[in-house]
There are 2 protein chains.
Amino acid sequence: MTLKDLAKELGLSPTTVSRALNGFPEVSEATRKRVVAAADAYGYRPNMRARSLATGRAMAIGHVLPLSSEHEMMNPVFADFVAGAGEIYAKAGYDMLISIVAEAEQARAYEEFKHKGSVDGIIVHAPRMGDPRINLITEVDIPFVVHGRASQSDVPYSWVDMNNQRAFQRATTHLLDLGHRRIALVNGLENMDFAIRRRRGFEAAHEARGVPHDDSLKFSGEMTEQFGHDTTRALLARPDAPTAIISSSMIPGIGIRRAIREAGLEMGRDVSVIIHDDDLSYLPNGGDEPLFTATRSSVRDAGRRAARMLLDIITSGDTTPRTDLLEAELILGPSTGPAPVAARMTDIS
Amino acid sequence: MTLKDLAKELGLSPTTVSRALNGFPEVSEATRKRVVAAADAYGYRPNMRARSLATGRAMAIGHVLPLSSEHEMMNPVFADFVAGAGEIYAKAGYDMLISIVAEAEQARAYEEFKHKGSVDGIIVHAPRMGDPRINLITEVDIPFVVHGRASQSDVPYSWVDMNNQRAFQRATTHLLDLGHRRIALVNGLENMDFAIRRRRGFEAAHEARGVPHDDSLKFSGEMTEQFGHDTTRALLARPDAPTAIISSSMIPGIGIRRAIREAGLEMGRDVSVIIHDDDLSYLPNGGDEPLFTATRSSVRDAGRRAARMLLDIITSGDTTPRTDLLEAELILGPSTGPAPVAARMTDIS
DNA sequence: CTGAAAGCGCTAACAC
DNA sequence: GTGTTAGCGCTTTCAG
């Protein structure tokens, strides 16, 4: 059933039918009712490809994420972000196109998106420090919003991001105010933008409280359980072991828990641990475990906001860069001051 | 730069240029070379919408997942599956469309996909027992492949799935052969197809070895850490506590570990635990923890296979249902026979 | 081997 | 208010 068929059935011209269906003002209410009823009855669905070709709008948004981040904490985060964005697109009648592209082919990917005309806008995921993609996509001249930020980028651009610095500053301050003076930071690789901001927050908290921060307590690596485990093991074996640890993500957090247990220590009593997780839904805080604290914010909401921002840019045509910084919702749970860690250790070989 | 522009530049007709670019045989090698070179030089990219309209092929695949499964173990699994599928699509020049649709709107979603002409085929995720979507989509008459299976469906359909029954049968057999006689199963909700199959495998192993399986040792619930924790806690408090536990997923597995530790027991010594995870990359088995065993298979590979299957169905036009059952790659790690659990327990209040 | 012409299904001037 | 006429950019008969 095409528009033409429907028009023939109704004894009208395709134009009128089109206008009636698309809510143009110049069609009479009577005809509109007839047309809509008939369209409904015949189960008519406009062909988007044809409409796209005629209007120039694809009614689709592309999400691009670099293949290289497949083993980062990106995986679950990405899924949630996309779910949130998808919600908004669905409401607005847009489709969502996902493409996972190797670093080297990013430039081509954007160009293709543009020239193939398959999307009206793009969401860029997992930016690095000074990510070259920002420049690439700006040149291609297609509306886009970055999920996260890319420090040191020389061109202005639109983004939606969590306030990573603030979240870590608050978490760190919390520990400092409890009396902790040696706090370790288990962070992601510093080529990821968020990792740098988190470290800055960690340091800022120290500076604000006049407590020196020891570089030998700051670690950055791939966010695996192994990394959390080994780092913590080594930390606890030191004569100047920290009394608290802040983990940048859930996964190394699991390793941290394990290492603490292996050392014969107890979380929340001997060592305070804060595990930051962008979306706690994966690892609900059991409550009865002495897991010290956790920070929380909704990635899904970030997805929704990014989608709304992009759609607005597209429909308004106003491409002046806009930004949206989401405050993390911190859950700073059952707390305790510093304990003489080293004294309580049994065997960590 | 459109085909017409390019043709004009070359002093050829659009037809010839099209044929040259699309590898039709009747064009001379000389012209083809010229055309290809020019296309390259000008950075010409065919407009997919126009091509789609002309050919009737959308060159895109839709992935539909029900909104209801957002809090299932679906999240990370979905991300990986999609990454694998995306790889194949990219190579074949297809786009990937994702839509997250509420249960109630599934029927309409498929119809829209079909009539809007935005995709050539669909991948259905997270099927339930006798999932009605299978019938819906079959009626709509668009090629599709199901990721997982929906038992009790009356129509035949194509699917790619893990051999969940076999994986759990093997894991259970492993424990039985070590001498365990009371094994608990911490499983997902049984409206999910895989949960049922896993239980069947668990039971089949017992039957094959002539060991009775106790219904009071089988649990099914939402796969949260809390569920794993509470179940294990209660299990260990029983006078007839099991000597081994099999967990259907990583997340409750974390709770299981915690409950065992809280009970003053040690995994792999006092209680043998097998945590099944479709993709261990999220929780690398540390190796030095007495985590007993784990099963492993690549969700990403399943995504690749499903994508290939669907593309083949589409291009060949042969819609006779095909199936692909992937064997899980089991890692049945450091093992131990049963220990008198109850005797070793300290305090679990 | 190449080109002219028609059309995919829809929208958007421009008339009436 | 409604219809007519051109396209959107590409593929595909059908001629030559």
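Counting restarts for each chain: residues are numbered from 1 in the order of the written sequence. Written order decides the labels, with chains lettered from A and ligands numbered from 1. For this predicted model, a pLDDT threshold of at least 70 governs which residues receive local features, and a threshold of 80 or more governs which side-chain atom pairs are given and counted, while totals over whole chains, interfaces and linings are taken from all residues. Working from all heavy atoms in the structure, the side-chain values ignore hydrogens and water.

Chain A appears in an unreviewed UniProt entry as LacI family DNA-binding transcriptional regulator from Maritimibacter harenae.

A.B. asks: Give me the lowdown on the packing of helix α8 (residues 164–177) of chain A against helix α9 (residues 193–209) of chain A, citing residues and values where you can.
C.D. replies: Each pair of packed helices can be summarised by the angle the axes make with each other and by the distance between the axes. Residues and elements named next belong to chain A. With their axes 7 Å apart at the nearest point, α8 and α9 run at an angle of 40° to one another. Relative to α9, α8 is oriented so that their crossing is right-handed. Contacts between α8 and α9 involve Asn 164, Gln 165, Phe 168, Gln 169, Thr 172, Thr 173, Leu 176 and Asp 177 from the former and Phe 194, Arg 197, Arg 198, Arg 200, Gly 201, Phe 202, Ala 204, Ala 205, His 206 and Arg 209 from the latter. When the residues that make up the contact of α8 with α9 are grouped by side-chain class, the tally is six nonpolar, seven polar and five charged. Think of each axis as a best-fit line through the C-alpha atoms, taken over the contacting stretch in the case of a helix, with angles from 0 to 180 degrees between the N-to-C directions. Starting at the N terminus, helices and strands are each numbered in turn, a helix being any DSSP run of H or I of at least four residues and a strand any DSSP run of E of at least two. Here is the rule for handedness: rotate from the far helix to the near one, and if that takes an anticlockwise turn smaller than a right angle the crossing is left-handed, while a clockwise turn gives right-handed. Two residues form a contact once any of their heavy atoms are found within 4.5 Å. As a working rule, the residues Ala, Val, Leu, Ile, Met, Phe, Trp, Tyr, Cys and Pro are called nonpolar, Asp, Glu, Lys and Arg charged, and the rest polar, with Gly in that last group.

A.B. asks: Quick rundown of the nonpolar core? Include the residues and the values.
C.D. replies: Judged by nonpolar contacts, the single largest core of 90 residues is most densely connected at Tyr 89 and Ile 246 of chain A together with Tyr 89 and Ile 246 of chain B. Residues within four places of Ile 246 of chain B in sequence aside, it is in contact with Phe 168, Ala 171, Thr 172, Leu 175, Ile 183, Ala 184, Leu 185, Val 186, Phe 202 and Ile 274 of chain B. In this description, a nonpolar core means a group of buried Ala, Val, Leu, Ile, Met, Phe, Trp, Tyr and Cys residues linked to one another through side-chain atoms lying within 4.5 Å. Buried, partly exposed and exposed residues are distinguished by accessible area as a fraction of the type maximum, computed with a 1.4 Å probe on protein chains only: under 20%, between the cut-offs, and over 50%, respectively. One finds Ile 122 and Ile 137 of chain A together with Val 119 and Ile 134 of chain B within the second-largest nonpolar core, a separate group that totals 38 residues.

A.B. asks: Just give me the short version of the side chain of Asp 95 of chain A, but keep the residues and values in it.
C.D. replies: Within the secondary structure layout, Asp 95 of chain A lies in strand β2 (residues 95–101). The buried category is assigned to Asp 95 of chain A, whose relative accessible area is 13%.

A.B. asks: Can you break down the protein's contact with DNA strand D residue by residue, with the values?
C.D. replies: Nearness is judged by heavy atoms alone; a residue qualifies as near a molecule or strand once a single heavy atom is within 4 Å of it. Close to DNA strand D lie 26 residues; Thr 15 and Thr 16 of chain A together with Leu 3, Ser 18 and Tyr 44 of chain B are nearest. When the atoms of DNA strand D within 4 Å of the protein are grouped by moiety, sugar and phosphate amount to 61% of the total. One of the side-chain nitrogen or oxygen atoms of Asn 22 of chain B is found 3.2 Å away from a phosphate oxygen of DNA strand D. Pairs of N or O atoms within 3.5 Å make up the polar contacts considered here, provided that, within protein, one atom can donate a hydrogen while the other can accept it, and that residues adjacent in sequence are counted only when both atoms are side-chain atoms. Between DNA strand D and Asn 47 of chain B, the relevant distance is 3.3 Å, taken from a phosphate oxygen to a main-chain nitrogen or oxygen of the residue. Of all the elements in the fold, those that place two or more residues in the surface near DNA strand D are α2 (14–21) and α4 (48–55) of chain A together with α1 (3–10), α2 (14–21) and α4 (48–55) of chain B. Taken together, the residues of the surface near DNA strand D sort by class into 10 nonpolar, 12 polar and four charged.

A.B. asks: Before we move on, could you go through the pairing of strand β2 (residues 95–101) of chain B and cite the residues and values that matter?
C.D. replies: Residues and elements named next belong to chain B. Among the seven residues of β2, seven are classified as buried, and the element is accordingly described as predominantly covered. Side chains of β2 alternate between two faces, with Asp 95, Leu 97, Ser 99 and Val 101 and Met 96, Ile 98 and Ile 100 buried alike. If DSSP finds at least two bridges between two strands, the strands pair. For strand β1 (residues 60–66) and β2, the ladder comprises seven bridges, and the chain directions are parallel. Within the sheet, the bridge partner assigned to Leu 65 lies in β2 and is Ile 100.

A.B. asks: Pulling in residues and values, what's your account of the domain arrangement of chain A?
C.D. replies: Note: domain ranges come from an automatic or database domain assignment. Segmenting chain A into domains produces domain 1 (3–55), domain 2 (60–162 + 299–327) and domain 3 (164–297 + 331–348). Distance from the C-alpha centre of domain 1 of chain A to the C-alpha centre of domain 2 of chain A: 34 Å.

A.B. asks: Give a description of the confidence of the model for chain A that names residues and reports values.
C.D. replies: Residue and element names in this part refer to chain A. Each residue carries a pLDDT score, the predictor's own confidence in it, on a scale running from 0 to 100. Model confidence for chain A is summarised by a mean pLDDT of 84, while 88% of its residues fall at 70 or above. Here residues 283–291 is a poorly scored stretch, pLDDT under 50, and it has 23 contacts once near neighbours within four places are set aside; other chains count. Contacts of residues 341–349 to residues separated by more than four positions or lying in other chains number 24 contacts, the stretch itself having pLDDT below 50.

A.B. asks: Break down the protein's contact with DNA strand C for me, with residues and values.
C.D. replies: Close to DNA strand C lie 26 residues, the nearest being Leu 3, Ser 18 and Tyr 44 of chain A together with Thr 16 and Arg 19 of chain B. Of all DNA strand C atoms lying within 4 Å of any protein atom, the proportion belonging to sugar or phosphate reaches 59%. A distance of 3.1 Å separates a phosphate oxygen of DNA strand C from a polar backbone atom of Ser 13 of chain B. With respect to DNA strand C, the side chain of Thr 16 of chain B contributes an N or O atom lying 2.8 Å from a phosphate oxygen. Of all the secondary-structure elements, those providing two or more residues to the surface near DNA strand C are α1 (3–10), α2 and α4 of chain A together with α2 and α4 of chain B. Considering every element that reaches the surface near DNA strand C, the biggest residue donor is α4 of chain A, with four residues. Residue composition of the surface near DNA strand C, grouped by class: 10 nonpolar, 11 polar and five charged.

A.B. asks: Hey, could you go over α4 of chain A for me, with residue numbers and the actual values?
C.D. replies: All of the buried residues along α4 of chain A are Met 48, Arg 49 and Ser 52 of chain A. All buried residues of α4 of chain A fall inside an arc of 100° around its axis, so they share one side. At its buried positions, α4 of chain A is contacted by α4 and α6 (106–116) of chain B. Following α4 of chain A by one or two positions, Gly 56 of chain A adopts a phi angle in the positive range, close to 85°. In this description, the arc belongs to the directions extending from the helix axis to the C-beta atoms.

A.B. asks: Got a sec to walk through the pairing of strand β8 (residues 244–247) of chain B? Specific residues and values, please.
C.D. replies: Consecutive residues of a regular strand have side chains that alternate between opposite faces of the sheet. All names here are of chain B. Neither face of β8 is open: one carries Ala 244 and Ile 246, the other Ile 245 and Ser 247, and all of them are buried. As paired elements, β8 and strand β9 (residues 272–276) share four bridges and run parallel to each other. Following the sheet pairing, Ala 244 is matched in β9 by Ser 272. For the handedness criterion, the β-α-β arrangement of β8, helix α11 (residues 250–262) and β9 is classed as right-handed. The crossover handedness rule: strands pointing away from the viewer, path from first strand over the helix to second strand clockwise, crossover right-handed.

A.B. asks: Tell me about the pattern of salt bridges, and please be specific about residues and values.
C.D. replies: Salt bridges are counted wherever a side-chain nitrogen of Lys or Arg sits within 4 Å of a carboxyl oxygen of Asp or Glu. Under the counting rule described, the total for this entry stands at 52 salt bridges over all chains. Among the salt bridges present, the one from Lys 218 of chain A reaches Glu 203 of chain A, with a minimum N-O distance of 3.0 Å. Taken together, the positions of Lys 218 of chain A in strand β7 (residues 218–220) and Glu 203 of chain A in helix α9 put the pair 15 residues apart, joining distant regions of the chain. Judged by its relative accessible area of 15%, Lys 218 of chain A falls in the buried class. Between Arg 322 of chain B and Asp 318 of chain B there is a salt bridge; the shortest N-O distance is 3.8 Å. For Arg 322 of chain B, a relative accessible area of 21% puts it in the partly exposed group. One continuous salt-bridge network, built from bridges that share partners, spans Glu 87, Asp 301, Arg 304, Arg 305 and Asp 324 of chain A.

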